[in-house]
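# Secondary and tertiary structure notes
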Amino acid sequence: MRGHRTTTKDIVHIALFAALTAALALFPPIALPIIGVPITAQSMGVMLAGAILGAKRGGLAIVLLLALVAVGLPLLSGGRGGLGVFFGPTGGFLFGWVAGAFVVGALHEWGWRGLTPLRSFAYAVIGGVGVVYTIGVPWVAINADLPLLKAAIASAPFLPGDLIKAGLAALIAVTVKRSFPLISKAA
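Here's a quick rundown of the structure. (Residues numbered from 1 in each chain as written. Predicted model: local features only at pLDDT ≥ 70, side-chain atom pairs only at ≥ 80, totals over all residues. Heavy atoms only, no water.)

### A closer look at the overall build of the protein chain
The helix and strand tally for the protein chain stands at seven helices and two strands. Reading the protein chain from its N end, one meets helices and strands in the order α-β-β-α-α-α-α-α-α. Since a compact globule built from 187 residues should have a radius of gyration of about 16 Å, the 16 Å found for the protein chain is in line with a globular shape. For the protein chain, the C-alpha atoms occupy an extent of roughly 45 × 35 × 30 Å along the three principal directions. (Helix = DSSP H or I, 4+ residues; strand = E, 2+ residues; numbered from the N terminus. Rg over C-alpha atoms; globule rule 2.2 N^0.38 Å.)

### Overview of the nonpolar core
If you look at the biggest cluster of nonpolar residues, it comprises 39 residues, and the most contacted ones within it are Phe17, Ile62, Leu94 and Trp97. When contributions to this core are tallied by element, the ones reaching two or more residues are helix H1 (8-23), helix H2 (42-53), helix H3 (55-70), helix H4 (91-110), helix H5 (117-143) and helix H7 (159-179). If one sorts the elements of this core by residue count, H2 sits on top with eight residues. Sequence-distant contacts of Ile62, defined by excluding residues within four places in its chain, comprise Thr21, Gly45, Val46, Ala49, Trp97, Val98 and Ala101. (Core = buried A, V, L, I, M, F, W, Y, C linked by side-chain atoms within 4.5 Å. Buried < 20%, exposed > 50% of the residue type's maximum accessible area, 1.4 Å probe, protein only. Contact = heavy atoms within 4.5 Å.)

### Some remarks on unusual backbone geometry
Backbone phi values are negative for most residues with the exception of glycine, while trans is the configuration of most peptide bonds. Look at Asp145: it is not a glycine, yet its phi comes out positive at around 55 degrees. The topology assignment puts Asp145 in the loop between H5 and helix H6 (148-155).

### As for a nonpolar patch on the surface
A cluster of nonpolar side chains, namely Leu64, Leu68, Val71 and Leu73, defines an oily patch on the protein surface of about 310 Å² accessible area. Locating Leu68 in the fold gives a position in helix H3. (Patch = residues over 30% accessible without salt bridge, like charges linked within 9 Å, V, L, I, M, F, W, Y side chains within 5 Å. Areas by Shrake-Rupley, 256 points an atom, 1.4 Å probe, with all protein chains shown as cover. Salt bridge = Lys/Arg side-chain N within 4 Å of Asp/Glu carboxyl O.)

### A few points about the side chain of Ser155
Its location among the elements puts Ser155 in helix H6. Residue Ser155 is classed as buried on the basis of its relative accessible area of 6%. In terms of polar contacts, Ser155 uses its side chain to reach the backbone carbonyl oxygen of Ala151, at 3.0 Å. The contacts of Ser155, once residues within four sequence positions are left out, are Phe93, Tyr133 and Val137. (Polar contact = N/O pair within 3.5 Å; in protein donor to acceptor, adjacent residues only side chain to side chain.)

### A word on the packing of H1 against H2
Direction vectors running N to C along H1 and H2 enclose 160 degrees, while the axes themselves pass 8 Å from each other. With respect to each other, H1 and H2 are oriented roughly antiparallel. Seen from above, H1 lies across H2 with right-handed handedness. Contact residues: H1 offers His13, Ile14, Phe17, Leu20, Thr21 and Ala22, while H2 offers Gln42, Gly45, Val46, Leu48, Ala49, Ile52 and Leu53. (Axes fitted to C-alpha atoms, helices over the stretch in contact; angles between N-to-C directions. Parallel < 35°, antiparallel > 145°, perpendicular 65-115°, else oblique. Left-handed = near helix turned anticlockwise from the far one by under 90°.)

### Description of the pattern of salt bridges
Counted under the stated rule, the structure contains two salt bridges. Between Arg57 and Asp10 there is a salt bridge, with its nearest N and O atoms 3.1 Å apart. Linking Arg57 in helix H3 with Asp10 in helix H1, this pair joins segments that are 47 residues apart in sequence. On the basis of relative accessible area, Arg57 is assigned to the buried category, the value being 6%. Judged by relative accessible area, which is 4%, Asp10 ranks as buried.

### Notes on the packing of H2 against H4
Put simply, H2 and H4 touch, their axes get as near as 7 Å, and they point 40 degrees apart. Like other packed secondary-structure pairs, H2 and H4 cross with a definite hand, here right-handed. Judged by residue contacts, Gln42, Ser43, Val46, Met47, Gly50 and Ala51 of H2 engage Trp97, Gly100, Ala101, Val104, Gly105 and His108 from H4. Residue composition of the contact of H2 with H4, grouped by class: six nonpolar, six polar and no charged. (Nonpolar A, V, L, I, M, F, W, Y, C, P; charged D, E, K, R; others polar.)

Right, here's the structure in full:
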């Protein structure tokens, strides 16, 4: 999207994916018996925004969502909202969502012409899991006064759910690419 002017259509897509990500908070958390940690669907919206809209629009969709959260709308899983959520132990993951959506989008733009479900999955894992955890885990460590390794171990039970979400996002992204591509060309 280099040199691309933001159009009304872009704004609609950004708002749509902010709303989609907010709506994913409505899905009840799934408690996995083996790990006992609830998995929410909302971070899949981050992966979908980047994979379907690209880096700029995907990142902006998450910025819009977080701006609405900051002004107090209860758009996060569990009906959370307000500035306080950004300063708690999971605040780093929220900031990571913006970078994650951007990276997922940049990778999808880069590999758009040869996009396959496996490549899309890899891009979603790199940006939607790797980047998000790279920002979120140190934030947990600092906020909870834990060593980085303990914070990483505490976050590890969420990985299986995030990998499932990356797989679903990849399948959806490839399907959308075939039927209604929103990323117009490889960067």
